[in-house]
Amino acid sequence: MIKGKKLYEGKAKIIYATSDKNLVIQYFKDDATAFNNQKRSVIEGKGVLNNRISEHILSNLSQIGIKNHLVKRLNMREQLIKLVEIIPIEFVLRNVATGSIIKRLGIEDGTVLKKPLIEFYFKNDQLGDPLVAEDHILAFEWATKKELDKIKKTILRINDFMVGMFRGVGIKLIDFKLEFGRVKVDDKYEIILADEISPDTCRLWDSVSDKKLDKDRFRKDLGDLIPAYTEVAKRLGILHEQTNLSAVNVTKLSSVKKKVR
Ligand code: TMP
Ligand code: ASP
């Protein structure tokens, strides 16, 4: 597979063309951003961990029939993925209220929701990814009703699977963000899960202590992001005590090298 030119660079990932027009390479950067890019840093090793964790979750989802863009992980930082036409919506599922929802609605932090809540945010950096209603998505034709219904069902299945997976390793899945895209299959468009699922895009709390094991460590200046992501990877069985991530040494990574740009 020949790596071609850069097609797109986002805040945490870069997409490169390949010799196959239907496939692209997704490169995981070490860059961390929050609050729509207002807070920025480079956290050495984050991309490597997210690549591995996302690969693990997406391949498990594939095994239960949830189609997604992952073809295979290529190396420490790259995955071969299917090229999709991204639906410009960030789909957020919340099991517990924390983060933006508690500020927006004045809900008490940590309130357990009676049933999972799905929210939609329009992907637009200039506007700061505003919250939108389902009717906006239909009115502006960001997705059809049929696509939305399918996506919502899929999100709930993903939640059921991930809640169980994380519960089994002593982690509470508080909330997460997903993205979906369209691919052409036999002249018809099909919706598949895209982007990544990692501690950058989920809130993960230790089941006993409620310790945050996700990007809130960066957003809230709690420090020790790499040890937290490493802990998630180890608990999921991705990294073993002895593993040194081949080229990158986890022990070295634990002493978080944080370069503020
Ligand atoms: P929020 O509480 O800030 O709205 O975040 C909800 C979830 O979505 C949380 O798990 C973090 C994730 N998320 C992203 O992956 N990307 C983003 O740009 C934002 C704002 C949140
Ligand atoms: N990725 C988002 C950004 O920079 C925010 C976040 O994850 O909180 O802006």
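The shown structure was predicted, so the numbers you read here are calculated from the model rather than taken from an experiment.

## As for the overall build of the protein
Point 1. Along its length, the protein carries 7 helices and 15 strands.
Point 2. The C-alpha atoms of the protein give 18 Å as radius of gyration, which agrees with the globular expectation for 261 residues (18 Å, within 12%).
Point 3. When its C-alpha atoms are laid out on the principal axes, the protein stretches across 50 × 50 × 35 Å.
Point 4. In the protein, which comprises 261 residues, the proportion classed as buried is 50%.
Point 5. Restricting to contacts in the protein with at least 6 residues of sequence separation, those with at least 24 account for 57%.
Point 6. For the protein, the exposed surface amounts to about 13300 Å²; the carbon and sulfur share of it is 51%.

## Some remarks on the site of ligand 1
Point 1. Surrounding ligand 1, one finds 15 residues, the nearest of these being Arg 94, Ser 100, Asp 175, Lys 177 and Arg 203.
Point 2. In this structure, Arg 94 approaches ligand 1 through a side-chain N or O atom, which is 2.9 Å from an oxygen atom.
Point 3. A distance of 2.6 Å separates an oxygen atom of ligand 1 from a polar atom in the side chain of Ser 100.
Point 4. Protein contact buries 78% of the 450 Å² of open area that ligand 1 shows by itself.
Point 5. For the shell around ligand 1, the elements supplying multiple residues, two or more each, are strand S9 (89-97), strand S12 (171-185) and strand S14 (202-206).
Point 6. Class assignment of the residues belonging to the shell around ligand 1 gives a composition of 4 nonpolar, 4 polar and 7 charged.

## Looking at the site of ligand 2
Point 1. Near ligand 2 the following residues occur: Lys 11, Thr 33, Ala 34, Phe 35, Asn 36, Asn 37, Lys 215 and Arg 219.
Point 2. For ligand 2, an oxygen atom lies 3.3 Å from a polar atom in the side chain of Lys 11.
Point 3. Separating an oxygen atom of ligand 2 from a backbone N or O atom of Asn 37 is a distance of 3.0 Å.
Point 4. In isolation ligand 2 has 260 Å² of accessible area, and contact with the protein removes 72% of it.
Point 5. Per-class residue counts for the shell around ligand 2 are 2 nonpolar, 3 polar and 3 charged.

## Overview of the packing of aromatic side chains
Point 1. The final tally for this structure, using the stated rule, is 4 aromatic pairs.
Point 2. Ring geometry for Phe 122 and Trp 142: centres 4.1 Å apart, planes at 15°, overall stacked. With Phe 122 in strand S10 (residues 111-122) and Trp 142 in the loop between helix H3 (134-139) and helix H4 (145-167), the pair connects residues that are 20 residues apart, well separated along the chain. Judged on exposure class, the residue Phe 122 and its partner Trp 142 are both buried.
Point 3. Clustering of aromatic rings is evident, with ring pairs tying together Phe 91, Phe 120 and Phe 180.
Point 4. Over the aromatic face of Tyr 16 sits the side chain of Lys 3, whose NZ or CZ is 4.2 Å from the ring centroid.

## Quick notes on the pattern of salt bridges
Point 1. One pass over the structure, following the stated rule, counts 29 salt bridges.
Point 2. The salt bridge partner of Lys 13 is Asp 195, with a shortest N-O separation of 2.9 Å. Here Lys 13, found in strand S2 (residues 13-18), pairs with Asp 195, found in the loop between strand S13 (188-194) and S14; they are 182 residues apart in sequence, far enough to count as distant. The residues Lys 13 and Asp 195 share a single accessibility class, namely buried.
Point 3. In this structure, a network of salt bridges that share partners links the residues Lys 13, Glu 90, Lys 123, Lys 177, Glu 179, Asp 195 and Glu 196.

## Side note on the packing of helix H1 (residues 46-63) against helix H6 (residues 225-235)
Point 1. Where H1 contacts H6, the axes come no closer than 10 Å and their chain directions differ by 20°. Accordingly, the angle class assigned to the pair H1 and H6 is roughly parallel. As H1 runs across H6, the sense of the crossing is left-handed. Contact residues: Lys 46, Leu 49, Asn 50 and Ile 53 in H1; Leu 225, Ile 226, Tyr 229, Thr 230, Val 232 and Ala 233 in H6.
Point 2. Residues that form the contact of H1 with H6 fall into these classes: 7 nonpolar, 2 polar and 1 charged.

## A few points about H1
Point 1. In this model, H1 (18 residues) spans 26 Å end to end at C-alpha, consistent with the 26 Å of a helix rising 1.5 Å per residue.
Point 2. Residues of H1 that are buried include every one of Lys 46, Gly 47, Val 48, Leu 49, Asn 50, Asn 51, Arg 52, Ile 53, Ser 54, Ile 57, Leu 58 and Leu 61, and no others.
Point 3. With its phi angle positive at about 85°, Gly 65 sits one or two positions after the end of H1.

## Some points on the side chain of Asp 30
Point 1. Mapped onto the elements, Asp 30 comes out in the loop between strand S3 (23-28) and strand S4 (31-34).
Point 2. Leave out the neighbours within four places in its chain, and Asp 30 touches Ser 41, Val 42, Ile 43, Glu 44, Gly 45, Lys 46, Gly 47, Val 48 and Arg 77.

Definitions and limits used
- Residues numbered from 1 in each chain as written.
- Chains lettered and ligands numbered in written order.
- Predicted model: local features only at pLDDT ≥ 70, side-chain atom pairs only at ≥ 80, totals over all residues.
- Heavy atoms only, no water.
- Helix = DSSP H or I, 4+ residues; strand = E, 2+ residues; numbered from the N terminus.
- Rg over C-alpha atoms; globule rule 2.2 N^0.38 Å.
- Buried < 20%, exposed > 50% of the residue type's maximum accessible area, 1.4 Å probe, protein only.
- Contact = heavy atoms within 4.5 Å.
- Areas by Shrake-Rupley, 256 points an atom, 1.4 Å probe, with all protein chains shown as cover.
- Near = heavy atom within 4 Å.
- Polar contact = N/O pair within 3.5 Å; in protein donor to acceptor, adjacent residues only side chain to side chain.
- Nonpolar A, V, L, I, M, F, W, Y, C, P; charged D, E, K, R; others polar.
- Phe/Tyr/Trp six-rings, centres within 6.5 Å; stacked < 30°, edge-to-face > 60°.
- Lys NZ or Arg CZ within 6 Å of the ring centre and 35° of its normal.
- Salt bridge = Lys/Arg side-chain N within 4 Å of Asp/Glu carboxyl O.
- Axes fitted to C-alpha atoms, helices over the stretch in contact; angles between N-to-C directions.
- Parallel < 35°, antiparallel > 145°, perpendicular 65-115°, else oblique.
- Left-handed = near helix turned anticlockwise from the far one by under 90°.
- Expected span 1.5 Å × (residues − 1).

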